[in-house]
Amino acid sequence: MSDVSSFDPSLFLDATLDTPTERRNPLPVDEYVAVIGEISSRTWASKDGSKSGIALDVPLLIEIPAELQSDLNLPANLTVRDSIMLDLTPAGGIDNSQGKNSRLRLYREACDMNKPGDVFAPRKMQGTAVKVRIRHEPYQDMIQEKVAAVSRS
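All values derive from a computational prediction rather than experimental measurement. (Residues numbered from 1 in each chain as written. Predicted model: local features only at pLDDT ≥ 70, side-chain atom pairs only at ≥ 80, totals over all residues. Heavy atoms only, no water.)

Considerations on the nonpolar core
Move 1: Counting residues in each nonpolar core, the largest one holds 27 residues, and the members touching the most others are L27, I36, L60, I62, Y107 and V132.
Move 2: Taken together, the elements giving at least two residues each to this core come down to strand 1 (30-36), strand 3 (52-63), strand 4 (77-85), helix 3 (102-110), strand 5 (129-139) and strand 6 (142-152).
Move 3: In this view, Y107 contacts I36, V58, L60, D82, I84, M125, V147 and V150; residues no more than four positions away in its chain are not counted. (Core = buried A, V, L, I, M, F, W, Y, C linked by side-chain atoms within 4.5 Å. Buried < 20%, exposed > 50% of the residue type's maximum accessible area, 1.4 Å probe, protein only. Helix = DSSP H or I, 4+ residues; strand = E, 2+ residues; numbered from the N terminus. Contact = heavy atoms within 4.5 Å.)

Next up, the structure:
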């Protein structure tokens, strides 16, 4: 882990590098165990301004199997990010009606926090181990990793 306290952003702006920044190998399509990190929220808006809302950003620390570490030159752990776009009511609250917030429901079920009477807050999911399915999505002739599904580990 890097020591952020020793990094000086103002010096970095003039620092020179003589080696290229390289892309790492993508994780193969498969299921992995991950631990949910510190969840944050943000507002979003479509490029044309016709839609906007709130999203939860969910970092997932994935344990990389030893054979993939050696075969693909990957570290022991990788953080993959997922986003949950929230359905809101006209008053600005979470829409908890049937069929709404299905992605949030999947996370709640993966964390065993979606039962009647459960008191839930997104931060309660932090530190919970879940199973994630990674898929590949082409983007500008490159493969991007995406979280396709989450379930109980």
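Structural notes on the pairing of strand 6
Move 1: Taken together, the 10 bridges between strand 5 and strand 6 define a ladder with antiparallel strand orientation. Bridge pairing in strand 6 places R133 opposite A149.
Move 2: The loop that links strand 5 with its antiparallel partner strand 6 comprises two residues; one of these, Q140, has a positive phi angle of about 50 degrees. (Pairing = 2+ DSSP bridges.)

A closer look at a nonpolar patch on the surface
Move 1: Taken together, the side chains of F7, F12 and L13 define a hydrophobic patch exposed on the protein surface, amounting to about 360 Å² of accessible area.
Move 2: By the element assignment, F7 lies in the segment before helix 1 (9-12).
Move 3: For F7, a relative accessible area of 47% puts it in the partly exposed group. (Patch = residues over 30% accessible without salt bridge, like charges linked within 9 Å, V, L, I, M, F, W, Y side chains within 5 Å. Areas by Shrake-Rupley, 256 points an atom, 1.4 Å probe, with all protein chains shown as cover. Salt bridge = Lys/Arg side-chain N within 4 Å of Asp/Glu carboxyl O.)

Here we look at helix 3
Move 1: By the burial criterion, the buried members of helix 3 are R103, L104, Y107, R108 and A110. Buried residues of helix 3, viewed axially, fall in a sector of 165 degrees; they line one side.
Move 2: At its buried positions, helix 3 is contacted by strand 1, strand 3, strand 4, strand 5 and strand 6.
Move 3: Where helix 3 ends, the next residue or the one after it, D112, has phi of about 60 degrees, a positive value. (Arc of directions from axis to C-beta.)

Quick notes on the environment of R42
Move 1: Secondary-structure assignment places R42 in strand 2 (residues 40-45).
Move 2: Put simply, R42 and A55 are 13 residues apart on the chain and 5.4 Å apart in space, counted from C-alpha to C-alpha.
Move 3: Apart from the residues lying within four places of it in its own chain, the contact partners of R42 are G53, I54, A55, D57 and S83.
Move 4: Of note is the side chain of R42, whose polar atom sits 2.7 Å from the side chain of D57. (Polar contact = N/O pair within 3.5 Å; in protein donor to acceptor, adjacent residues only side chain to side chain.)

Comments concerning the pattern of salt bridges
Close approach of charged atoms allows side chains of opposite charge to pair.
Move 1: A complete count under the given rule lists seven salt bridges for this structure.
Move 2: The partner of D112 in a salt bridge is R152, with the nearest N and O atoms 2.8 Å apart. Of this pair, D112 sits in the loop between helix 3 and strand 5 while R152 sits in strand 6; the two residues are 40 residues apart in sequence, bridging distant segments of the chain.
Move 3: In this structure D112 comes out as partly exposed when scored by relative accessible area, which is 35%.
Move 4: You can call R152 partly exposed: its relative accessible area is 46%.
Move 5: Taking the shortest distance from any N to any O, the salt bridge between E137 and R135 comes out at 2.9 Å.
Move 6: Relative accessible area serves as the criterion here: at 35%, R135 is assigned to the partly exposed category.
Move 7: Overlapping salt bridges, with partners in common, bring together D112, K115 and R152 in one network.

Shape is all these values report; function is a separate question.
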